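So you can see what is in the structure, the chains are spelled out below.
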Amino acid sequence: LRFPEKLWKMLESGTFQSIWWSEGGKCVAINKDLFEVEVLGRERQQVFHTQKMKSFMRQLNAYGFTKMQRNFQRSASLPEFLAEEAAASAHSQILYYYNPSFNREHPWLLEACKRR
């Protein structure tokens, strides 16, 4: 299978906790630290032909995925602001990637997801 097809099957399987559909199936969310252990750290039954996060991210970029930035609304009160900061730092290890041809609601677009 090509890289996008492997990624799609992984997301649809629900087997992995480190990667999931986000934004209603329009983005791929990856918990970086957990993904490195759970997916890339596998000795047997490797999903991808790499054990390095940088190589995996290069594959995403090669197939037209772009990294998305998460914007968090900030609160005016200090206690709420501090709580939001703690939540945002927990999200700092979560990466979001988008590709217009990689959408859970439109699986037929996967054919258009080609290597650059």
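Scroll up for the structure.
Analysis parameters
Residues numbered from 1 in each chain as written. Predicted model: local features only at pLDDT ≥ 70, side-chain atom pairs only at ≥ 80, totals over all residues. Heavy atoms only, no water. Pairing = 2+ DSSP bridges. Helix = DSSP H or I, 4+ residues; strand = E, 2+ residues; numbered from the N terminus. Axes fitted to C-alpha atoms, helices over the stretch in contact; angles between N-to-C directions. Contact = heavy atoms within 4.5 Å. Phe/Tyr/Trp six-rings, centres within 6.5 Å; stacked < 30°, edge-to-face > 60°. Buried < 20%, exposed > 50% of the residue type's maximum accessible area, 1.4 Å probe, protein only. Salt bridge = Lys/Arg side-chain N within 4 Å of Asp/Glu carboxyl O.

1. Some remarks on the sheet that holds strand 2 (residues 27-31)
Turning to step 1, where the next piece is worked out: Read from one edge to the other, the open sheet built from four strands follows the order 1-2-4-3, with strand pairing classed as antiparallel. In this open sheet, the two strands that pair with only one neighbour each are strand 1 (19-22) and strand 3 (66-68). Adjacent strand axes in the sheet meet at a mean angle of 35 degrees, parallel and antiparallel pairs treated alike.
Turning to step 2, where the next piece is worked out: Docked against the sheet, helix 1 (residues 3-13) engages strand 1 and strand 2, running at close to 90 degrees with respect to strand 1.
Turning to step 3, where the next piece is worked out: Helix-sheet contacts for helix 3 (residues 53-62) involve strand 2 and strand 4 (94-98), and the interaxial angle to strand 4 is about 20 degrees.

2. Describing the packing of aromatic side chains
Turning to step 1, where the next piece is worked out: Scanning the entire structure with this criterion turns up nine aromatic pairs.
Turning to step 2, where the next piece is worked out: Arranged with centres 5.1 Å apart and planes meeting at 75 degrees, the rings of Trp8 and Trp21 form a pair that is edge-to-face. Taken as a pair, Trp8 in helix 1 and Trp21 in strand 1 lie far apart in primary sequence, 13 residues in all. As far as the burial class goes, Trp8 and Trp21 line up, both buried.
Turning to step 3, where the next piece is worked out: Taken together through their ring pairs, the aromatic side chains of Phe3, Phe35, Phe48, Phe56 and Tyr63 make up a single cluster.

3. Details of the pattern of salt bridges
Turning to step 1, where the next piece is worked out: Applying the stated rule across the entire model yields three salt bridges.
Turning to step 2, where the next piece is worked out: Glu5 is the partner of Arg2 in a salt bridge, and the nearest nitrogen-oxygen pair spans 3.7 Å.
Turning to step 3, where the next piece is worked out: Note that Lys32 and Glu36 form a salt bridge whose closest N and O atoms lie 3.9 Å from each other. A residue pair is termed a helical-turn pair when its members lie 3 or 4 positions apart in one helix, as Lys32 and Glu36 do in helix 2 (residues 32-40) at four residues.
Turning to step 4, where the next piece is worked out: Overall, the relative accessible area of 31% leaves Glu36 in the partly exposed class.

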